[in-house]
Amino acid sequence: MTHLRGARALAGWRAAALLLATVLPVQVARADRVDEAWRRGNDAYLRGDYAGAVAAYQELDRQGLVSADLAFNLGNAYYRQNNLGRAIWAFERAAALDPDDEDTRYNLKQARKLADRRVRDKIEGADRDPLWMRVVVALGPATETWLFVACYLAFFAALAALGMRRRRGEHARALLAATASILAVAAVLSGGLLAGRAALDRIPFGVILPDAVAVREGADTNYRTSFELHAGLRVRLLDRDQEWLRIRLPNGLEGWVREQDIGRL
Amino acid sequence: MRSSSRRRNGWARGAAALALAATWLAAPPARAEPPTFLAETDRNQVAPGEVFLYEVTVTTSGQRVESYHPPEFKGLEVVSAPQGPNQSTQMQMGAGGTFIQNSLSWRYQLTPAAGQKGMLAIGPARVRVDGKEMRSNQVNIRVGGTGGGPAAGAPAAGAPPSASSSSGATSDEPPPPTEANAANFVRAVPDKTRVFVGEQVTVGWYLYFTESQNKYETITEPRTDGFWTEDVTPPNARNRVPQTQQLVGGRVYQVASLFKRALFPLQAGKLTISPIESEIAQVDFFGMSVRRQRLKAEPVVIEALPLPRAGQPDGFDPSHVGRFTLEARADRPTVAVGEAVTLTIEVKGQGNLRNLRAPALARLDGWKSYEPKITVNLDPGDLVSGSKTVEYLLLPERPGTTMLPSFELAYFDPQTRAYATAKSDPLRLEVTSDGTGRMTAAPAGGAGPRPTAGAGPVENVIATEIRPIRTRATLNRDLGATFYRSRPFLGVLLVPPLALALGRLLARARERLAADSQRGRRRRVRQMVRQRLGAAEGHRDAGRWPAFHIEIDRVLREVLTARLRRPVSGLRMDELRDLLLQRGMPADEAGRIIAALEACDLARFAPATADAAAARQQMSAALERAGELIVTIDKAPLRDEAAT
């Protein structure tokens, strides 16, 4: 019986090892390809081949990689190409991923400054974003996620410790209970932030990409032009009709633009 | 089916014609309108040699027209005259009746006679209508200028150059074509033949032909050595050659303008424009070129006069000939250290703008400047004019005030034959140390051009002002940015409460399990006690004295073992007493237990009394005492060994 159990355990380990041997090389090869494209983009950028750099970074972007560094470098490459709309879009993405990054904030500011020197869209009567949205945007998704995970796990760890120390000293139990309460409050607050982030994700935003875009009254070129927007302006996306998007400005003005003229955030 | 349909259509048409005829016949008789006799030309002004149309028309309501006499074309040459009148009839039907109008018109092609200038009057033509003489109106036409027709840009033979040349170098009567009687020829026509160095002379190349041509090809382009050349051919003329008519040597030619160039002499002396060579051909029915003819123009000589020495500024650039204005402006109303400002120097006017050297910006202390961006915008037209813009991107390196002196451009004006200088207003630039400070970039005197926004972007800004890219060997990924939307995050949410609940359940189960084992032990002890006491009763009833006390001793020790959770059989009496006291057994009860055990030991080895009844009584009392001690041991508040 013991021999039989030992044989089964051995077979299990072998299967696990085989699975690892199959999956691990695939993952490693994929990581190598990602890093190769990343280095290729950086080399092209440093050589001054900005079109090549954009192509390499876009290749990574299409793979669904979420990286503030990738968005930052892509923004720089667009900036060097004098494509300010796309540069602002990429820097906005980098800033959304890592709002505290000073380089990203600086480059975004520079790109916006240059775009404003061409034409600046002044939105009259624009409403400010609500407080919760500003707080959520200011922290960034990674910070919110890890903050919540840390508070949440620590709270349950404190609860578990409290349960184990039930028969021990009253002082230690009181200390643990206070810690658990504080952690519970922190977990609820950070969970609220994360819920806000999830809600914000459901509100799509975009950035105007070309230097100038005619915003029309309907989803067709035959409709009258309501107003004109310029590169880098952040707009809210409301609706989609084939290749047209309905957008809304911060002051409530709405119109339709071609989907290709909007960079989704 | 088709033939019947066609037949029906034929009947329908016939019926309509009959109805029309019936209507016409039934209409009231025509009302007689008074006749008119009008003369007109296709333009009011012509250039010398230019051909224009003169037409005189008499309109009647069916009256008889006879005895037409053309007007006297004084000062004009008749290029072509009609053999007879063109006749047209117009019929109008309406509620007022049917009107019939007959028109007779005579069309002439005329051109001003040689040397004719100014206003010419074409007198009245005469005609008799129903026996009454009528005279047409008089038509006036001006001869001179560039003409007023569609071929205004085309040269008129003998008078293409402008008479307004400041140098007085005109060519009013250019030589006739090399082959005056040739059916086709090409020629180059300059607007001036004597100009100053750097002054513009416009030369047009024209094809003259009498028969329609289908094909034209330039074989040899004219060489313009010694000139700076600017193509001023109208954009539409490059695709579709404009044509006009011209009378040369008494022969009417079709004239096609081939191209035009503005030439700026780069040196003094006689400069020759080499002749153009071209080929024309007609195309036959099969698309083959027939009647090819190679044409060659005469060379054109332009005399370039040196610029006058008198009044010439030092280091004067001979390409600065024309009329210019100069403007300097900064694009930014505010600037801080590190922010860019674009300085634009713009030269506007007429002259060789492309070759003109715009004023350069000297090194500015406290400013960093980049290579300027230069753009030239030329206006369409024969005269080269427009603007040349030089844009400097400046980066202030420290706060303070900087005075930009006025820029100057010396030039020679060929119209006034004098030198002049165009100047811009000086600029004052203030730079603050922070991004919110104010900065003014305005003309120092308060007048002059204001800073304009919207200057074109300068790429240097892009290349210098952003933070560098991340060049880590591997790409950092922001897992946290998407982790909260992933399934593992759901696991993070669910696992801790589930683990906690599971732990609680396990602890409770363990407690219950522990409670169950204690109860079982107690049950087993009770069972053992019952057995041992039953056995003791059996020994008592049988009168087995030692065996009875052995059984009592065993039951007491086993109860103590179960209660104390440790074996007590090997302990001495004093050790057992200490243990009981140590575990919290009251001293008197511990003493009673020890006494009972000692009594059992003593009875096992001491003989029983001879009296069986007394022995039985003693054993019953010992049994009862053992029972009481068992209850005492069971209820005693004994501590676990670990707690002691």
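Since we're looking at a predicted model, the values are computed, not measured. (Residues numbered from 1 in each chain as written. Chains lettered and ligands numbered in written order. Predicted model: local features only at pLDDT ≥ 70, side-chain atom pairs only at ≥ 80, totals over all residues.)

Asker: Whenever I open this one, the overall build of chain B confuses me. Can you help?
Answerer: A count of helices and strands for chain B gives eight helices and 32 strands. Out of the 644 residues in chain B, the part that is buried amounts to 28%. Sequence-distant contacts, at least 24 apart, represent 72% of the contacts inside chain B between residues at least 6 apart. (Helix = DSSP H or I, 4+ residues; strand = E, 2+ residues; numbered from the N terminus. Buried ≥ 20, exposed ≤ 12 C-beta atoms within 10 Å, placed from the backbone. Contact = placed C-beta atoms within 7 Å.)

Asker: Sorry, what's going on with the overall build of chain A here?
Answerer: The helix and strand tally for chain A stands at eight helices and seven strands. Per-residue burial for chain A yields a buried fraction of 32% across its 265 residues. Across chain A, the fraction of contacts at a sequence separation of at least 24, relative to all contacts at a separation of at least 6, is 58%.

Asker: Could you clarify how one ought to interpret the packing of helix α2 (residues 50-62) of chain A against helix α3 (residues 68-80) of chain A in this entry?
Answerer: For any two helices packed against each other, the geometry comes down to the angle between their axes and how far apart the axes lie. All names here are of chain A. Orientation of α2 relative to α3, taken along the N-to-C sense of each, is 150°, at an axis distance of 9 Å. Between α2 and α3, the interaxial angle falls into the category roughly antiparallel. Crossing geometry of α2 relative to α3 is assigned as left-handed. Contacts between α2 and α3 involve Tyr50, Ala53, Val54, Tyr57, Leu60 and Asp61 from the first element and Leu70, Asn73, Leu74, Ala77, Tyr78 and Arg80 from the second. Broken down by class, the residue content of the contact of α2 with α3 amounts to nine nonpolar, one polar and two charged. (Axes fitted to C-alpha atoms, helices over the stretch in contact; angles between N-to-C directions. Parallel < 35°, antiparallel > 145°, perpendicular 65-115°, else oblique. Left-handed = near helix turned anticlockwise from the far one by under 90°. Nonpolar A, V, L, I, M, F, W, Y, C, P; charged D, E, K, R; others polar.)

Asker: I keep staring at the environment of Ile219(B) and nothing clicks. Help me out?
Answerer: Residues and elements named next belong to chain B. One can find isoleucine 219 in strand β15 (residues 215-220). By the C-beta count within 10 Å, which is 11 here, isoleucine 219 ends up exposed. Note: C-alpha distance between isoleucine 219 and glutamate 277 (58 residues apart in sequence) is 5.2 Å. Filtering out sequence-adjacent residues up to four positions away, isoleucine 219 remains in contact with Glu277, Ser278, Glu279 and Arg294.

Asker: Even after reading the chapter, I still don't get unusual backbone geometry, so can you show me in this structure?
Answerer: Glycine aside, residues mostly have negative phi, and peptide bonds are mostly found in the trans state. The backbone of Asn82(A) sits at a positive phi, close to 65°, despite the residue not being glycine. Looking at where Asn82(A) falls in the secondary structure, it is placed in the loop between α3 and α4 (84-97). One non-glycine residue with positive phi stands out, namely Arg565(B), at about 55°. Note on placement: Arg565(B) falls in the loop between α5 (545-564) and α6 (573-582).

Asker: How should I be thinking about the confidence of the model for chain B in this particular structure?
Answerer: Parts of the model with low pLDDT should not have their predicted coordinates read in detail. All names here are of chain B. When pLDDT is averaged along chain B, the result is 78; 81% of the residues meet or exceed 70. Note that pLDDT drops below 50 for residues 146-180; the model gives that stretch 87 contacts with residues more than four away or on any other chain. The low-confidence segment residues 435-464, where pLDDT is below 50, has 69 contacts with residues more than four positions distant or belonging to other chains. This complex was scored by the predictor with a pTM of 0.38 and an ipTM of 0.73. (pLDDT = per-residue confidence, 0-100.)

Asker: When you look at the environment of Ile208(A) in this model, what are you seeing that I'm missing?
Answerer: All names here are of chain A. For isoleucine 208, the location among the structural elements is in strand β1 (residues 205-208). Looking at isoleucine 208, the number of C-beta atoms within 10 Å reads 26, which means it is buried. Sequence separation between isoleucine 208 and aspartate 261 is 53 residues, and the spatial gap between their C-alpha atoms is 6.1 Å. Non-local contacts of isoleucine 208, meaning those with residues more than four positions away in its chain, are made with Gly85, Val213, Leu229, His230, Ala231, Gly232, Leu233, Val235, Asp261 and Ile262.

Asker: I tried to follow the pairing of strand β9 (residues 126-129) of chain B on my own but got confused; where do I start?
Answerer: In summary, the side chains of a regular strand alternate between the two faces of the sheet. All names here are of chain B. Of the two faces of β9, only one is covered, namely that formed by Val127 and Val129; the face formed by Arg126 and Arg128 stays uncovered. Taken together, the three bridges between strand β4 (residues 65-69) and β9 define a ladder with antiparallel strand orientation. Each residue of the ladder has a partner; that of histidine 69, found in β9, is arginine 126. Taken together, the four bridges between β9 and strand β10 (residues 132-135) define a ladder with antiparallel strand orientation. Within β10, the residue paired with valine 129 across the bridge is lysine 132. In this structure, the hairpin formed by β9 and β10 is closed by a connection of two residues, where aspartate 130 is found at a positive phi of approximately 50°. (Pairing = 2+ DSSP bridges.)

Asker: Can you walk me through the interface of chain B and chain A in this structure?
Answerer: Often, the extent of an interface is quoted as the loss of accessible area upon association of its parts. Residue-level contacts link 28 residues of chain B with 41 residues of chain A. Of all the secondary structure elements, the ones that give two or more residues to the side of chain B that touches chain A are α2 (459-464), α3 (479-483) and α4 (487-542) of chain B. Counting residues per element, the side of chain B that touches chain A draws most heavily on α4(B), at six residues. When grouped by side-chain class, the residues that make up the side of chain B that touches chain A number 15 nonpolar, six polar and seven charged.

Asker: What is the right way to read helix α7 (residues 587-605) of chain B from this model?
Answerer: For an α-helix, 3.6 residues make a turn, and residues three or four places apart therefore share a direction. All names here are of chain B. Between its terminal C-alpha atoms α7 stretches 27 Å, which fits the 27 Å expected from 19 residues at 1.5 Å a residue. All of the buried residues along α7 are Ala590, Ile593, Leu597, Cys600 and Ala603. Here the buried residues of α7 occupy an arc of 160° about the axis, which is enough to place them on one side. α7 presents Ala587, Asp588, Glu598, Leu602 and Phe605 as exposed residues on the side facing more than 90 degrees away from its buried surface. Residues of α7 that are buried sit in contact with α5, α6 and α8 (612-635). (Expected span 1.5 Å × (residues − 1). Arc of directions from axis to C-beta.)

Asker: Looking at this structure, how should I read the sheet that holds strand β19 (residues 269-273) of chain B?
Answerer: Across a sheet, paired strands are connected by hydrogen bonds in the backbone, their directions being either parallel or antiparallel. All names here are of chain B. In spatial order, the strands read β13-β22-β19; together these three strands make up an open sheet with mixed pairing. In the strand order of this sheet, the two ends are held by β13 (194-196) and β19, each with one partner. Recorded for the sheet is a direction-independent mean angle of 35° between the axes of neighbouring strands. Inspection of the sheet shows β13 paired to strand β22 (residues 300-305) by three bridges, in the parallel sense. Paired with phenylalanine 196 across the two strands is leucine 305, which belongs to β22.

Asker: Got a minute to help me understand the sheet that holds strand β21 (residues 289-296) of chain B in this structure?
Answerer: All names here are of chain B. Taken together, the three strands give an open sheet; going across it, the order is β15-β20-β21, and neighbouring strands pair in antiparallel fashion. Whereas interior strands pair on both sides, the edge strands pair on one side only; in this sheet they are β15 and β21. Strand-to-strand, the axes of this sheet are offset by a mean angle of 20°, without reference to chain direction. By the bridge criterion, six bridges tie strand β20 (residues 277-283) to β21 in an arrangement that is antiparallel. If you follow valine 283 over to β21, its bridge partner there is serine 289.

Asker: Teacher, can you tell me more about α8(B) here?
Answerer: Residue and element names in this part refer to chain B. Taking 1.5 Å per residue, 24 residues should reach 34 Å; α8 reaches 35 Å between its end C-alpha atoms and fits that length. Considered for burial, the residues of α8 that qualify are Met619, Ala626, Leu629, Ile630 and Ile633. Next to the buried residues of α8 lie α4, α5 and α7.

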